[in-house]
Amino acid sequence: GTVATALSAKTFTVKAKAGNEGRLFGSVTAGDVAAALAAQAGVQIDRKKIVMQPFRTTGAHSAVVRLHADVECEIKVSVVPG
């Protein structure tokens with residue numbers, strides 16, 4: 001659908017506190033990614049529908065968003081120090 005197309009076309013940016021060599025002090029979770037989707041795409045997605053391991057480094061990552069039972073899309077997430 002159009003939501004899946006819009007989400008997979010974008011790279012979402014999440015800021016996280018990072019130390020040396022891009023290692024995060026915490027981790028970026030599905031809740032953080034859900035907040036980024038809401039802020040950057042205006043799409044409200046339950047964090048339980050975002051399938052990912054927590055991100056522990058800066059840089060490019062991906063996650064899978066389950067929009068419906070039979071619709072999922074992969075999104076690109078860029079974790080930046082901030």
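What you see is a predicted model; the values in this text were computed from it and never measured.

Draft legend 1. Structural detail: the overall build of the chain. In terms of helices and strands, the chain carries 2 helices and 6 strands. In terms of overall size, the chain behaves like a compact globule, its C-alpha atoms giving a radius of gyration of 12 Å where 82 residues would be expected to give roughly 12 Å. Along the first, second and third principal axes, the C-alpha set of the chain runs to 40 × 20 × 15 Å. Within the chain, the proportion of its 82 residues that are buried is 32%. Contacts in the chain between residues far apart in sequence, at least 24 positions, make up 49% of those at least 6 positions apart. When the accessible surface of the chain is totalled, it reaches about 5100 Å², and 50% of it is carbon and sulfur. Charge-centre separation for the chain: the mean point of 10 positive side chains lies 7 Å from the mean point of 6 negative side chains.

Draft legend 2. Local environment of helix 2 (residues 30–41). For helix 2, with 12 residues, the first-to-last C-alpha span of 16 Å sits near the 16 Å given by 1.5 Å per residue. The first or second residue beyond helix 2 is glycine 42, which carries a positive phi of 65 degrees.

Draft legend 3. Geometry of the nonpolar core. Ranked by internal contacts, the top residues of the largest apolar core, which has 24 residues, are Leu7, Val33, Leu37, Ile50 and Ile75. Put simply, the parts of the chain that give this core at least two residues each are helix 1 (2–9), strand 1 (11–16), strand 2 (23–28), helix 2, strand 5 (59–68) and strand 6 (71–81). Among the elements that line this core, the one with the most residues is helix 2, at 5 residues. Excluding residues that lie within four positions of it along the chain, leucine 37 makes contacts with Leu7, Phe12, Gly42, Val43, Ile45, Ile50, Val65 and Ile75.

Draft legend 4. Summary view of unusual backbone geometry. A positive phi angle, near 55 degrees, is found at glutamate 21, a position not held by glycine. Its place among the elements puts glutamate 21 in the loop between strand 1 and strand 2.

Draft legend 5. Inspection of the sheet that holds strand 5 at higher detail. The 4 strands are arranged 1-6-5-3 in an open sheet whose pairing can be described as mixed. In this open sheet, the two edge strands, each paired with only one partner strand, are strand 1 and strand 3 (50–51). Note: strand 1 against strand 6, 6 bridges, orientation parallel. By the bridge assignment for strand 6, threonine 11 is matched with lysine 76. Where helix 1 meets the sheet, its contacts fall on strand 1, strand 5 and strand 6, and the angle it forms with strand 6 comes to roughly 25 degrees. Against the sheet, helix 2 contacts strand 1, strand 3, strand 5 and strand 6, and its axis sits at roughly 125 degrees relative to strand 1.

About the thresholds
Residues numbered from 1 in each chain as written. Predicted model: local features only at pLDDT ≥ 70, side-chain atom pairs only at ≥ 80, totals over all residues. Heavy atoms only, no water. Helix = DSSP H or I, 4+ residues; strand = E, 2+ residues; numbered from the N terminus. Rg over C-alpha atoms; globule rule 2.2 N^0.38 Å. Buried < 20%, exposed > 50% of the residue type's maximum accessible area, 1.4 Å probe, protein only. Contact = heavy atoms within 4.5 Å. Areas by Shrake-Rupley, 256 points an atom, 1.4 Å probe, with all protein chains shown as cover. Lys, Arg positive; Asp, Glu negative; His and termini not counted. Charge placed at Lys NZ, Arg CZ, Asp CG, Glu CD. Expected span 1.5 Å × (residues − 1). Core = buried A, V, L, I, M, F, W, Y, C linked by side-chain atoms within 4.5 Å. Pairing = 2+ DSSP bridges. Axes fitted to C-alpha atoms, helices over the stretch in contact; angles between N-to-C directions.

None of this, on its own, says anything about what the molecule does.
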